[in-house]
Amino acid sequence: MGGWAAMLLCVSTAATAQQKTPDAEPAATAATKAVDLLTAAQTHYQQGEWVEAQKAYQRAFDEAPQESRIKARAALEWSSLLWEQGDYRQAAKRVNDALDRARKLKMNEAIGQLLLTKGHIEASRGKLKSAEHTLQICIELAREQKDQVFSSLCEINHRLVRQLRGRPVGPDSDYRRAIAQLEAAGTPLSVGAALAKTSELY
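Please read these numbers as outputs of a predicted model, since none were measured by experiment.

Cut-offs used in this document
Residue numbering note: each chain is counted from 1, following its sequence as written. Only residues with pLDDT of 70 or above have their local features reported here, since the model is predicted, and side-chain atom pairs are shown and tallied only from 80 upward, although totals for entire chains, interfaces and linings are computed over all residues. By convention in this description, side-chain values take in all heavy atoms of the structure and omit both hydrogens and water. Going along the chain from the N terminus, every DSSP run of H or I of four or more residues is numbered as a helix, and every run of E of two or more is numbered as a strand. Using a 1.4 Å probe on the protein chains alone, a residue whose accessible area is under 20% of its type maximum counts as buried, one over 50% counts as exposed, and one in between counts as partly exposed. Convention adopted: a line fitted to C-alpha atoms gives each axis, helices being fitted over their contacting stretch, and angles between N-to-C directions are expressed from 0 to 180 degrees. By definition in this entry, angles of less than 35 degrees are roughly parallel, angles greater than 145 are roughly antiparallel, angles of 65 to 115 are roughly perpendicular, and the rest are oblique. Put simply, a crossing is left-handed when the front helix is turned counterclockwise from the back one by less than a right angle, and right-handed when it is turned clockwise. Any two residues whose heavy atoms approach within 4.5 Å are treated as being in contact. Only a pair of cysteine sulfur atoms within 2.5 Å counts as a disulfide in this structure description. In this analysis, rings of Phe, Tyr and Trp, with Trp reduced to its six-membered ring, are considered paired at centre separations within 6.5 Å, and the interplanar angle assigns stacked below 30 degrees, edge-to-face beyond 60, and tilted for intermediate values. Put simply, a charge is over a ring when the Lys NZ or the Arg CZ is close to the ring centre, within 6 Å, and near the line of the ring normal, within 35 degrees. One side-chain nitrogen of Lys or Arg within 4 Å of one carboxyl oxygen of Asp or Glu is enough to make a salt bridge.

## A short note on unusual backbone geometry
A positive phi angle, near 55°, is found at K106, a position not held by glycine. With respect to the helices and strands, the residue K106 is situated in the loop between α5 (88-105) and α6 (111-124). Residue class for K106 comes out exposed when judged on its relative accessible area of 61%. Even without being a glycine, K146 presents a positive backbone phi close to 60°. Counting through the fold element by element, K146 comes out in the loop between α7 (128-144) and α8 (148-164).

## Some thoughts on the packing of α8 against helix α9 (residues 172-184)
To describe two helices that pack against each other, one gives the angle between their axes and the distance between the axes. Contact geometry of α8 with α9 gives a least axis separation of 9 Å together with a crossing angle of 150°. Relative to α9, the element α8 is oriented roughly antiparallel. When the axes of α8 and α9 are compared, the crossing they make is left-handed. Of the residues in α9, those in contact with Q148, V149, S152, L153, E155, I156 and R159 of α8 are D172, D174, Y175, R177, A178, I179, Q181, L182 and A184.

## Quick notes on the state of the cysteines
Throughout this description, disulfide means a covalent bond between two cysteine sulfur atoms. In the structure shown here, the tally under the stated rule is one disulfide. Sulfur-sulfur distance for the disulfide between C138 and C154 comes to 1.9 Å. The sign of the 55° torsion about the S-S bond sets the C138-C154 disulfide as right-handed. With C138 in helix α7 and C154 in helix α8, the pair connects residues that are 16 residues apart, well separated along the chain. Given the relative accessible area of 0%, C138 is considered buried.

## Focus: the packing of aromatic side chains
Inspection of every chain in the model, using the stated rule, returns two aromatic pairs. With a centroid separation of 5.6 Å and 70° between ring planes, the pair formed by Y45 and W50 is classed as edge-to-face. We classify W50 as partly exposed; its relative accessible area is 34%. The ring of F61 carries the charged tip of K71 above its face, separated from the ring centre by 4.3 Å.

## Things to note about the pattern of salt bridges
Under the defined criterion, the tally for this structure stands at 13 salt bridges. The shortest N-O distance in the salt bridge between R73 and E77 comes to 3.6 Å. Of this pair, R73 and E77 both sit in helix α4 (residues 69-84), four residues apart, which is roughly one turn of that helix. As far as burial versus exposure is concerned, R73 and E77 are alike and both buried. Linking D172 and R159 is a salt bridge whose minimum nitrogen-to-oxygen distance equals 2.7 Å. Placement of D172 in helix α9 and of R159 in helix α8 is noted, with a sequence separation of 13 residues between them. Exposure remark for D172: the relative accessible area of 48% places this residue in the partly exposed category. Residue R159 is classed as buried on the basis of its relative accessible area, which comes to 13%. Connected through shared salt-bridge partners, E132, R162, R165 and R167 make up one network.

Structural data, given as structure tokens:
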């Protein structure tokens, strides 16, 4: 089970255990099933099995308890897949749902990924002004969370959106610094993935 999925399961089952009601056991079972489906979806995604991944994400979302981090995480990852597959309308619907759920649950640790995904979707739909605004907020909030990876990814994509809008992008040293921060964070694959994805889909 992936780290995210395991953490989400612990949070959900711990909360369920404290609520000693007749519905506690079914809720725990639903959370466990949703985590298993989310893990399966992530595996399908990593293997490039897009159809299977989409079905598993939808099932994970449907099975997860209504007010749970698992449901928010499923909505976020599902939106990313829909964006990569070019279904921007549905991707926007899912990422907005994920954002609403994350705000209610105070999932501050996920804000960088949420806003980066939203910015990607807006840019791909031609809403460059909105994308620039979203990515600027992403930079600021990710920095507040000391999230070096997503603050850098948002900075890189913010620069590209401004370039597409014909606006000044700032010195190249800012771009090189963002790349260096990603490498320093020990996530070299995210550098290539982010740049390749951006150049292909914007």
